[in-house]
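Spelled out, the chains give:
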Amino acid sequence: MIIERKQIAKNVCLTKIPCYQFKTNVIAVYFKRPLCREEVTANSLIPYVLKSGTRSWQTETKISKHLQELYGTGLGVSVSKTGEMQILGFKLSFAAESFLGENILEDVISFLGEIILQPYLEDGVFCKNYVNIEKEVLKESILAKINDKAYYAKERCIEIMCKNEPYGIAEEGYLEDLELLTEENLYVQYKKMISSSSVDILLEGQMDFEKAEQFIQKHISLPEGEKVEIKEENIFVEPSELKEESETMDIEQGKLVIGYRTGRNARMDDYYDLLLYSIVLGVGAQSKLFRIVREKNSLCYSIGASLERLKGLMFIQTGIESKNKNRVIELIGEQLVEMKKGNITEEELLLAKKMAINSYRSTKDSVSGLCDFYYAQGLYGKNLTIEQAIEKIERITAEDLKKTADSIIVDTIFFLKGTEEDHFEQ
């Protein structure tokens, strides 16, 4: 399988991914923006307003009917924070023409182009009703995440840890900024977004890729503006001191989050060392943290480690009784010391490799899995195939993980505790 990546316009990169495993093709368009407090909330709203209606299909009902006419084509939009970028995504999954006996490729690409470039307007700006509906939906989404205490605790840890860095900006934006958005100023931001963003278009499946590229040039021709600068993340931020904060809420189980600087990210050749390090330490029931903190000492309900791949951060999250906080922090610290000493068994390393490799192999088992993988590779500035990523993982040794451990620095501890004594059941 040959992956082709090429620039097709000033700010636009096209990636072609042949895949013959499914009867479904995928086209995805991603707009990359630098994380910025002034525009993060508006950007979070834009894709959802765009999918509410277009010039030809003015309502979601009409859009849904047209998608059914295109043999059940699926439309999805998304907003995410990756490193210090905000990414706005539009994705269509549609039937491969070879299984239909009918040509729909141009119709599908034309429809996606209309979703992005020809929104339904009233008086030259977004429809006020659509904007108000989506503002309410986004408000409920932000509130729901605040009410998810595990999510809230991690976000507070990030906010404290990255206070003066773009990564500290909330992924979906802020309620106080949402109130200020109107159909007029949101439309102004939309025009800015489509003309100045870095754009990636990905095609996955079995199709005539040359024709698809021609249809993209015809129907998704973006206005050219001054490209907004996206700086690479600063991953070498050394904390001057350990930051510790806590909050009290009416909850039954305390939420402890510890944030670490790792000094490496997915742009670097030794990133896979960090990936395996995090798995051995805290991913799954075979990890050191699970076995020591939960199984051996019965001090938590759940515990796990996760990475932010581009910002180079690691987080350990756990649900505990408030009275056990100090002991849990101590045990976590001990396991990091064990990793620094190189106390990693052959079984731990092999299980971590198996978990990582199975995760990469599973990307081939879902529609758009390859699309997501190769888009991530583009974000990282890499051109690895899944097989090459697996080869890198297989070559990693316990000594590599020991070296990785030396660069892990604790930065922030955030604890969300209950108003009364926790009621904890394992």
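Throughout what follows, the structure given in this document is the object of discussion. All of these numbers come straight from a predicted model, not from anything done at the bench. (Residues numbered from 1 in each chain as written. Predicted model: local features only at pLDDT ≥ 70, side-chain atom pairs only at ≥ 80, totals over all residues. Heavy atoms only, no water.)

1. Description of the packing of aromatic side chains
Thinking step 1. Per the stated rule, a full pass over the model turns up eleven aromatic pairs.
Thinking step 2. Seen from their ring centres, Y120 and Y130 are 5.9 Å apart, and the 55° between their planes marks the pair as tilted. With a gap of ten residues between them, Y120 in the loop between α3 (105-117) and β6 (121-122) and Y130 in helix α4 (residues 128-147) connect regions that are remote in the sequence.
Thinking step 3. Through a chain of ring-to-ring contacts, the aromatic side chains of Y271, Y272, Y360, F373 and Y374 assemble into a single cluster.
Thinking step 4. Taking the ring centre of Y167 as reference, the NZ or CZ of K81 above it sits at 4.1 Å.
Thinking step 5. Positioned above the aromatic ring of Y301 is the side chain of R294, whose terminal nitrogen or guanidinium carbon lies 5.9 Å from the ring centre. (Phe/Tyr/Trp six-rings, centres within 6.5 Å; stacked < 30°, edge-to-face > 60°. Helix = DSSP H or I, 4+ residues; strand = E, 2+ residues; numbered from the N terminus. Lys NZ or Arg CZ within 6 Å of the ring centre and 35° of its normal.)

2. Details of the sheet that holds strand β12 (residues 313-320)
Thinking step 1. Pairing within the open sheet is mixed, and its five strands lie in the order β9-β13-β10-β12-β11. Sheet topology places β9 (243-249) and β11 (302-308) at the edges, where each strand pairs with a single neighbour. Across the sheet, the axes of successive neighbouring strands diverge by a mean angle of 15°, strand direction being ignored.
Thinking step 2. The pairing of β11 with β12 spans seven bridges and is classified as antiparallel. What sits directly across from S302, in β12, is G319.
Thinking step 3. Taken strand by strand, helix α11 (residues 325-340) contacts β9, β10 (254-261), β11, β12 and β13 (409-418), and its axis lies near 30° from that of β10. (Pairing = 2+ DSSP bridges. Axes fitted to C-alpha atoms, helices over the stretch in contact; angles between N-to-C directions. Contact = heavy atoms within 4.5 Å.)

3. A closer look at the pairing of strand β2 (residues 12-18)
Thinking step 1. With respect to burial, β2 is a largely interior element, seven of its seven residues being buried.
Thinking step 2. In this sheet, β2 lies alongside strand β1 (residues 4-9) in antiparallel orientation, the contact comprising five bridges. What sits directly across from A9, in β2, is V12.
Thinking step 3. From the end of β1 to the start of β2, which pair antiparallel, there are two residues.
Thinking step 4. As paired strands, β2 and strand β8 (residues 198-205) are joined by seven bridges and run parallel to one another. Across the sheet, C13 pairs through a bridge with D200, a residue of β8. (Buried < 20%, exposed > 50% of the residue type's maximum accessible area, 1.4 Å probe, protein only.)

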